[in-house]
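# Structural overview
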Amino acid sequence: MSATTPQSGVARLAEAFAARRRPAALMPYVMGGFPTLADSLAIARACIEVGADVIELGVPYSDPLADGPVIQAAGARALAGGADLAGVLEVARAIAPEVPVVVMAYANMVLAPGAQRFLERLRIAGASGLIVPDLPLEESGRLRAIADALGIALVPLIAPTTPQRRLAQIAACARGFLYLVSVTGTTGERSLEELRYAELIAAARPHTQLPLALGFGIASAEHARAAVQAGAEGVVIGSRLVRAAEAAERPAEAVAEVLARIAEGLVR
Amino acid sequence: MAGTIEQRFGPYGGRYVPETLMPALQELEAAWSQARVDRSFQAQLSAQLSEFAGRPTPIYPARRLSEQLGWEVLLKREDLNHTGSHKLNNALGQVLLAQRMGKRRIIAETGAGQHGVATATACARCGLECVVYMGAEDVRRQRPNVQRMALLGARVVAVQAGARTLKEAVSAAIRDWVANVESTHYVIGSAVGPAPYPALVRDLQRVIGSEARAQVLERCGRLPGRVIACVGGGSNAIGIFSAFLEDAQVQLIGVEAGGEGLAGSRHGAPLTVRGRPGVLHGSLSAVLQDEEGQIREAHSVSAGLDYPGAGPEHAFLRDSGRARYVAVTDAQALAAFRKLCRLEGIIPALESAHALAWLADDAPPGELDLLCLSGRGDKDLAEVIALSEGAAGAAQGELEGR
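My aim in this report is to walk through the structure given alongside it, one point at a time. As the structure is a prediction and not an experimental result, all values here were calculated from the model.

All names here are of chain A. Neither face of strand β8 (residues 212-215) is left uncovered, since the one carrying L212 and L214 and the one carrying A213 and G215 both have all their residues buried. As judged from the 4 bridges shared by strand β7 (residues 178-181) and β8, these two strands associate in the parallel manner. Note on β8: the bridge partner recorded for Y179 is A213. Note: β8 against strand β9 (residues 234-237), 2 bridges, orientation parallel. Opposite L214, over in β9, you have V235 as the bridge partner. Following the backbone out of β8, through helix α10 (residues 221-230) and into the adjacent parallel β9, one traces a crossover that is right-handed.

Here is the structure:
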């Protein structure tokens, strides 16, 4: 791993995983600007109250290829409401003192201002990491070099379709944690039978010392428990929370309630 | 066609996709690099192109159009290809390739419906399951093609997101592929998408240019001065251009959708307006986007050109100066559509009418032009008639008000 200062995002993420109070870190996904910017900040704060170890903060995008219908619709609504990168980074800035923030943004938004400028804005906002779901290993070298220099963890994704050799290459370039996509598909809730947690963890474990976080499809305490039993060191909960925010009169309370229930599953 | 398959065209192209798809793209690249030099595969494909698709398509000297313009124009008649457009060349090739790869399920996106019909046709012929994603707005304005796909046994999924046109159809198809990648091949319809698609589609459409080049030489004893084709994603254009790339004296002209004019945002001409390059549907290329990198909605009267991106090889050809890209408006394309009906007895696709409109309205005089008539316009009748009635109604209202 590259040289990092004690204040770097990489170090903060390492600390957060080390200091987690549950067997797996609780990592809620919050769509910035959904239903409104103020709501998304309130939702993020409510998640911290429940005990989030890391917050994944989504930047709404016009063409989110890795996302299922719930997050797609939330992003479209956030954009229609005027959400932009500056607004989402304000949310990051507000919560970053309390919890490490990993921004999730699509490649074109990262490339639009230039990778250097994009990452500098992230650093100024206090973000610890970045996930770019449509930037595979082959396209990510330059972005990773800049992120390393700025101490921001560029977190890669591993899919169920990723072969062993490729998995080793990706793991060798991973920073912060390794994000294991738990289903062959886009984001969205899944039944337990569709999930291949143990298989994925077993495939990834030999290739990295970094924490392994499972995401995509985790929507209940049962999912969370299954993830812990499979050996996950973090669970990302996305669509289920976005759906809770969508349906509620008080989005932050609704999300907190759902997240607290899922967190109860994070036991051995 | 031996040699490696391009991942990039200059800075353009690449693979900007979710990790889930990366192994499938590598598998597809390996399969195509073998198949395109495999004699038995090529023989099988070329037999299908002649026996089933009806190739070679003729070149036709458009005499009355030529008289009116004052120079000679030849039309490459892809409208006479089975299913009514050049799209079948690519669909047949990719479906054969999918069979060779052992895939049993085929998905496709479609704008005007021509690629959807071509893919449904190829699947019916090979007995494969076929699902076609189509924007709900295009389902409305290209009704006959929706009915044809259903007859051919395909399932058409109307996509409700965004502007409900081609961009969203491609996104929906990619998401389906992410979820079903192990069983499914995605037959992308244009020279866009992550590598190896832009090169794969170009290789399969090159038959247009190879035939046309030989036909023009045989007929006229020389090469054309200009080769002209419409560009949405740009598959018919790259197919005809690719056979002339080495002929430095032949000008290559790509005609994009100018929509309501390039001054506003309602057009589909990313190559012509030369904005900052961006990533759309897996590759870096010319794309319509805002300051932050949000993709803008395109607009065109022609569903097949109603797309905010263009193939990466076109962006490269533009930058290198080898090809030139221009745009014509909806109104110009509609006028050219009518003109070809009356002058030559050919009802062109609205997409192809854009190339004709540039020739009829904006082109400097030529001497021998070759224009790719990429498809026939039966699918566009309802839309053109409705727009004409709308225009006639408005004109009538204006007269009465005066």
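All names here are of chain B. Tallied over the full model, the rule gives 7 aromatic pairs over all chains. A network of ring pairs unites the aromatic residues W177, Y186 and Y197 as a single cluster. Positioned above the aromatic ring of Y60, the side-chain terminus of R77 is 5.7 Å from the ring centre. Taking NZ or CZ as reference, R125 lies 5.4 Å from the ring centre of F52, over its face.

Here we take up the state of the cysteines. Residues and elements named next belong to chain B. Applying the stated rule across the entire model yields 0 disulfides over all chains. Lacking any disulfide linkage, C220 is separated from the closest cysteine sulfur, that of C372, by 16 Å. The structure places no disulfide on C341, whose sulfur is separated from the nearest cysteine sulfur, that of C230, by 16 Å.

Attention now moves to the pairing of strand β4 (residues 72-77) of chain B. Residues and elements named next belong to chain B. Across the 6 residues of β4, 5 count as buried, placing the element largely inside the fold. The pairing of β4 with strand β14 (residues 368-373) spans 6 bridges and is parallel. The residue bridging V73 from the neighbouring strand is D369, located in β14.

The rules we used
- Residues numbered from 1 in each chain as written.
- Chains lettered and ligands numbered in written order.
- Predicted model: local features only at pLDDT ≥ 70, side-chain atom pairs only at ≥ 80, totals over all residues.
- Heavy atoms only, no water.
- Buried < 20%, exposed > 50% of the residue type's maximum accessible area, 1.4 Å probe, protein only.
- Helix = DSSP H or I, 4+ residues; strand = E, 2+ residues; numbered from the N terminus.
- Pairing = 2+ DSSP bridges.
- Right-handed = clockwise from strand over helix to strand, strands pointing away.
- Phe/Tyr/Trp six-rings, centres within 6.5 Å; stacked < 30°, edge-to-face > 60°.
- Lys NZ or Arg CZ within 6 Å of the ring centre and 35° of its normal.
- Disulfide = S-S within 2.5 Å.

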